[in-house]
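# Survey of secondary and tertiary structure
Chain residues, written in single-letter form:
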Amino acid sequence: ADADGRRDGDLLLALHAVAAAQPEVRADLIASAKALPLARTDAARDSLSLRIKDGLRALAADPATLTADLSDIPLSRVDAPDGRFRLFTWNVPNMTGGHRYEGLLLVQDGKRQQVIELRDRTADVSAPEVPELGPDRWYGALYYQVVPVKKGGKTYYTLLGWKGFNKVETRKVI
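Calculation criteria
Residues numbered from 1 in each chain as written. Predicted model: local features only at pLDDT ≥ 70, side-chain atom pairs only at ≥ 80, totals over all residues. Heavy atoms only, no water. Helix = DSSP H or I, 4+ residues; strand = E, 2+ residues; numbered from the N terminus. Buried < 20%, exposed > 50% of the residue type's maximum accessible area, 1.4 Å probe, protein only. Contact = heavy atoms within 4.5 Å. Areas by Shrake-Rupley, 256 points an atom, 1.4 Å probe, with all protein chains shown as cover. Core = buried A, V, L, I, M, F, W, Y, C linked by side-chain atoms within 4.5 Å. Salt bridge = Lys/Arg side-chain N within 4 Å of Asp/Glu carboxyl O. Pairing = 2+ DSSP bridges. pLDDT = per-residue confidence, 0-100. Phe/Tyr/Trp six-rings, centres within 6.5 Å; stacked < 30°, edge-to-face > 60°.

## Concerning the overall build of the protein chain
When its secondary structure is counted, the protein chain shows two helices and seven strands. Going from N to C terminus, the protein chain has its helices and strands arranged as α-α-β-β-β-β-β-β-β. A buried classification covers 35% of the 174 residues belonging to the protein chain. Residue pairs in contact within the protein chain that sit at least 24 positions apart in sequence constitute 43% of those at least 6 positions apart. For the protein chain, the accessible surface area stands at approximately 10,700 Å², while carbon and sulfur atoms represent 55% of it.

## Overview of the nonpolar core
In terms of nonpolar packing, the biggest core is built from 20 residues, with Leu 29, Ile 52, Leu 56, Ile 73, Leu 75, Phe 88 and Trp 90 touching the most fellow members. Every element with two or more residues in this core is listed here: α1 (8-35), α2 (42-60), β2 (85-93) and β3 (99-109). With five residues, α2 is the largest single contributor of residues to this core. Beyond its immediate stretch of four places on either side in the chain, Trp 90 contacts Leu 36, Ser 49, Ile 52, Lys 53, Leu 56, Leu 75, Arg 100, Tyr 101, Glu 102, Gly 103, Leu 104 and Leu 142. Residues Ala 80, Val 125, Ala 141 and Tyr 143 belong to the second largest nonpolar core, which totals 16 residues.

## Some words on the pattern of salt bridges
All told, the structure shown has 11 salt bridges when counted by the stated rule. Of the charged contacts in the structure, one is a salt bridge between Glu 117 and Arg 119, with a shortest N-O distance of 3.2 Å. Taking the relative accessible area as the measure of exposure, Arg 119 reaches 36% and is therefore partly exposed. What you see here is one network of salt bridges that share partners, running through Asp 46, Lys 53, Arg 57, Arg 100, Glu 102, Glu 117 and Arg 119.

## Observations concerning the pairing of strand β6 (residues 154-164)
Note that strand β5 (residues 142-151) and β6 share nine bridges and pair antiparallel. Paired with Tyr 143 across the strands is Gly 161, a residue of β6.

## Observations concerning the confidence of the model for the protein chain
On average, residues of the protein chain score 82 in pLDDT, and 79% of them are at 70 or above. Per-residue pLDDT, averaged within each element of the protein chain, yields its smallest value for α1 (68) and its largest for α2 (95).

## Observations regarding the packing of aromatic side chains
Enumeration according to the criterion identifies two aromatic pairs in this entry. For the ring pair Trp 138 and Tyr 143, a centre distance of 6.2 Å and an interplane angle of 45 degrees mean the geometry is tilted. Like Trp 138, the residue Tyr 143 is buried in the burial classification.

Written out as structure tokens, the structure reads:
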């Protein structure tokens, strides 16, 4: 038993249960992502977005999610070339023509994988060119590319994205 009183067998059973549930979770995630832009009300879109978020969280319980082929899931996804993170983003269009963005970031932190929810605070970010925004103050967009830059022994990541701002205006985001 470990320090928490769990046995290795308990962990293996838990991982097996997660793996067994993956096909159903994945199928629901794909169906929800496809249904989101077709939903007729904001409430239905919000509900589908929550199902997408829950599905991604369930998939992220499997450590292989960081490197697994998820190309069949119709969400925007970028992977850091060094394998440090995987970012999923999607937009939730509203009936007035605007958009809200959602995101989940999977980060490899040593031997542990973290799941970080990103909160779109576009309305609160008066200067999006500020170099560092956090998960609770995120400039939401559909990110489609990551460009790593090494400086002073550290790696910084620049994200490239698209933002549907309103019915007539879209923006590229760096």
